[in-house]
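# Chain and residue survey
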Amino acid sequence: MASIKVFTRWRPTLPSEASASEITRTQSSNPTKNTFTITLTPPASQKLSRPWKSDSAFTGIFNADDSNRTVFEHVVAPTLPRVLSGHNCNFFAYGHSGSGKSHTIVGYDFERPDEFGLCLSAAKALFEHLDQLNKNAQENETLLLGLRMYELRKNIAFDLLNGRCKCHIREGADGKTHVRGETETLADGKVRVRPIVTKPCLTFDEFHAQLLAGIQSRATGTSTIHDQSSRTHAVFEVEIVTRELLDARDAVVERQSELVPVGKRATDIYIEESSKAVIQMPDGKYVPNPDYQVNQTAIDEAEAKKAEYEARVHEAEEYVTEVIRSCPHVCLGGKMVFVDLAGSEFCHDKGSVSSMRMKQTPQEQQESRQINTDLLALKEVIRAMARKQARIPFRSSPLTMVLREHFVSGGDGGVSTMILTTSPSSEQYNATIDTLKYGNLIGMAGVR
């Protein structure tokens, strides 16, 4: 990851907040670093709260009258050349429930381009570039946008474009994190575990329709702010693909499914032969069985068969790499990842805590704790990467495990951006400070 940028976006005052005053806030710029500092003054009603001033950590500040289009042009549009060069760029919306995260990432008005969320606006811009590249392309070289949508609840992922199929987050032998669905048992003992589905889209209208379908599947729940809060982290992956690339990836899954029964048989034969080769003495100790000769030929044959199928998997994986390498367009595999983080839950005053406990069930309170654990882990991962630390704590939470490949594959040309969504209402003063403190720590790591 080459850099980390942090933006703040103040949402408008809601009708329900009309009786509350606005947070008194000022901002100042640092021309040397091209960053901003934010100062907040507590409302008179909160006598125990203190003023707060950030470091010079914020790349930009958006006010209540700035549209989604304005945010896109300043935050996402500048990264398009990186994505079209094959890199990954990641965008996170962070803030307490009701602060405007989903409005920023997804948007609510899907008919007015100025109010498209960042994900949809990015797809529209990418299609404009791909249409130009596809003018003289062969059929197998036609560039598409692949869309993956899933949400994380605790340590489970739900595929939003595949009927909310439950998926599991696992670390493979290759050291990479894999998000895959339930195990399918096929003929001849084959076992297939499909990854999150990728929907290939040739046009913006196709992408638009798929995005809307996935959004309808998102889960909501009770938060400290409202009863329709997103209680999951939603991940939207927008990747430049070809049908050949998607077919090659499917072939890897098929070769892996063929390997499973062969590998299991090799393991079973080895265990069976090893168990026959020893006997247990009256004192409980195991010694070699003088009456049995290990069938090493059977073991070797099974291992040779296993190695043959492992080679097929490796060959399929190499073909995926070759498809990307041989593509005449360097943009193949370039990706934008948009993450609508679940609302942070930080309550300081007794009134807020009691309100949360009255509204939330024990399960929802547990979910809130897990959400905060995920958000803390994400902060530490981003800070560690910005500081180029030797050890990055990806394993700290399911969220950071899932995002690991996006951070790593972004390379030196990738960019990660945090958009802090904040409420101007004095009633949310403490929650807003918590949001800004979170972003302040990340932003300072990025400017060191």
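Residues numbered from 1 in each chain as written. Predicted model: local features only at pLDDT ≥ 70, side-chain atom pairs only at ≥ 80, totals over all residues. Heavy atoms only, no water.

Now for the overall build of the protein chain. Check the secondary structure of the protein chain and you find 11 helices and 20 strands. With respect to the three principal axes, the spread of C-alpha positions in the protein chain is 90 × 70 × 40 Å. Counting only residues that meet the buried cut, the protein chain has 49% of its 448 residues in that class. In the protein chain, the share of contacts with a sequence separation of at least 24, taken over all contacts with a separation of at least 6, comes to 71%. (Helix = DSSP H or I, 4+ residues; strand = E, 2+ residues; numbered from the N terminus. Buried < 20%, exposed > 50% of the residue type's maximum accessible area, 1.4 Å probe, protein only. Contact = heavy atoms within 4.5 Å.)

Here we take up the nonpolar core. Counting residues in each nonpolar core, the largest one holds 56 residues, and the members touching the most others are Val 76, Leu 145, Phe 207, Phe 236, Met 336 and Phe 338. A per-element tally of this core places helix H4 (residues 118-133) first, with 9 residues. For this core, the domains that each give at least three residues are domain 1 (5-161 + 196-241 + 329-347 + 381-446) and domain 2 (251-324). (Core = buried A, V, L, I, M, F, W, Y, C linked by side-chain atoms within 4.5 Å. Domains from an automatic or database assignment.)

Take the packing of aromatic side chains next. Two numbers describe a pair of aromatic rings. These are the distance of the centres and the angle of the planes. Tallied over the full model, the rule gives 7 aromatic pairs. Taking the centre distance of 6.0 Å and the plane angle of 35° together, the rings of Phe 116 and Phe 204 count as tilted. Taken together, the residues span a long stretch of sequence, with Phe 116 in the loop between helix H3 (101-105) and H4 and Phe 204 in helix H5 (residues 204-215) at a distance of 88 residues. With a relative accessible area of 16%, Phe 204 lands in the buried category. Between Phe 127 and Phe 207 the ring centres are 6.4 Å apart and the planes differ by 75°, which places this aromatic pair in the edge-to-face class. One end of the pair, Phe 127, is in helix H4; the other, Phe 207, is in helix H5, and 80 residues separate them in sequence. Of the two residues examined, Phe 127 and Phe 207, each falls in the buried class. Members of the aromatic cluster, each reached through a chain of ring pairs, are Phe 92, Phe 394 and Phe 407. (Phe/Tyr/Trp six-rings, centres within 6.5 Å; stacked < 30°, edge-to-face > 60°.)

Attention now goes to the pattern of salt bridges. One pass over the structure, following the stated rule, counts 25 salt bridges. Ionic pairing is found between Arg 249 and Glu 239, a salt bridge with its closest N-O pair at 2.8 Å. A residue pair is termed long-range when its members are at least 10 positions apart, and Arg 249 in helix H6 (residues 243-276) and Glu 239 in strand E16 (residues 233-241) qualify at 10 residues. The residue Arg 383 makes a salt bridge to Glu 380 at a minimum N-O spacing of 3.6 Å. Highlighted residues: Arg 383 and Glu 380, both in helix H9 (residues 362-386), separated by 3 residues, approximately one helical turn. Members of the salt-bridge network, linked through shared partners, are Arg 148, Glu 237, Glu 239 and Arg 249. (Salt bridge = Lys/Arg side-chain N within 4 Å of Asp/Glu carboxyl O.)

Moving on: the packing of H4 against H5. At their nearest, the axes of H4 and H5 sit 10 Å apart, and the two run at 160° to each other. In terms of axis orientation, H4 runs roughly antiparallel to H5. For the crossing formed where H4 meets H5, the hand is right-handed. Between H4, through Cys 119, Leu 120, Ala 123, Lys 124 and Phe 127, and H5, the contact on the second element is made entirely by Phe 204, Phe 207, His 208 and Leu 211. In terms of residue class, the contact of H4 with H5 is built from 7 nonpolar, 1 polar and 1 charged. (Axes fitted to C-alpha atoms, helices over the stretch in contact; angles between N-to-C directions. Parallel < 35°, antiparallel > 145°, perpendicular 65-115°, else oblique. Left-handed = near helix turned anticlockwise from the far one by under 90°. Nonpolar A, V, L, I, M, F, W, Y, C, P; charged D, E, K, R; others polar.)

So, on to the pairing of strand E20 (residues 415-422). With 8 of 8 residues buried, E20 is to be regarded as a mostly interior element. By the bridge criterion, 6 bridges tie strand E6 (residues 88-94) to E20 in an arrangement that is parallel. Within E20, the residue paired with Tyr 94 across the bridge is Leu 420. (Pairing = 2+ DSSP bridges.)

The next subject is the packing of H6 against helix H7 (residues 296-326). At their nearest, the axes of H6 and H7 sit 8 Å apart, and the two run at 165° to each other. Considered as vectors, H6 and H7 are oriented roughly antiparallel to each other. Here the hand of the crossing between H6 and H7 comes out left-handed. For the contact of H6 with H7, the residue count by class is 19 nonpolar, 2 polar and 12 charged.

A few words on the pairing of strand E19 (residues 335-340). With 6 of 6 residues buried, E19 lies mostly within the body of the structure. The two faces of E19 match: Lys 335, Val 337 and Val 339 on one face and Met 336, Phe 338 and Asp 340 on the other face are all buried. The pairing of E6 with E19 spans 6 bridges and is parallel. Its bridge partner lying in E19, Asn 90 is registered against Val 337. Pairing of E16 with E19, which is carried by 6 bridges, proceeds in the antiparallel orientation. In the sheet register, Val 235 faces E19, and the bridge partner there is Val 339.

With respect to the helices and strands, the residue Gln 280 is situated in strand E17 (residues 278-280). Leave out the neighbours within four places in its chain, and Gln 280 touches Lys 285 and Tyr 286.

Another aspect to go through is unusual backbone geometry. Unlike most non-glycine residues, Arg 164 shows phi in positive territory, near 55°. You can call Arg 164 partly exposed: its relative accessible area is 27%. Its identity is not glycine, yet Lys 388 carries a phi of approximately 55°, on the positive side. Mapped onto the secondary structure, Lys 388 falls in the loop between H9 and helix H10 (398-409). Lys 388 sits in the exposed class, given a relative accessible area of 64%.

It is worth spelling out the domain arrangement of the protein chain at this point. In terms of domains, the protein chain is made up of domain 1 (5-161 + 196-241 + 329-347 + 381-446) and domain 2 (251-324). Of note, the centres of domain 1 and domain 2, computed from C-alpha atoms alone, are 46 Å apart.

All right, on to the confidence of the model for the protein chain then. When the pLDDT values of the protein chain are averaged, the result is 87; 91% of them are 70 or greater. Taken element by element, the predicted model of the protein chain shows its lowest mean pLDDT in helix H8 (residues 350-359) (41) and its highest in strand E13 (residues 199-201) (97). Segment residues 222-229: pLDDT under 50, and 31 contacts once partners within four positions in sequence are set aside and those in other chains are kept. Every residue in residues 347-358 scores below 50 in pLDDT, and together they form 9 contacts with partners more than four places removed in sequence or on other chains. (pLDDT = per-residue confidence, 0-100.)

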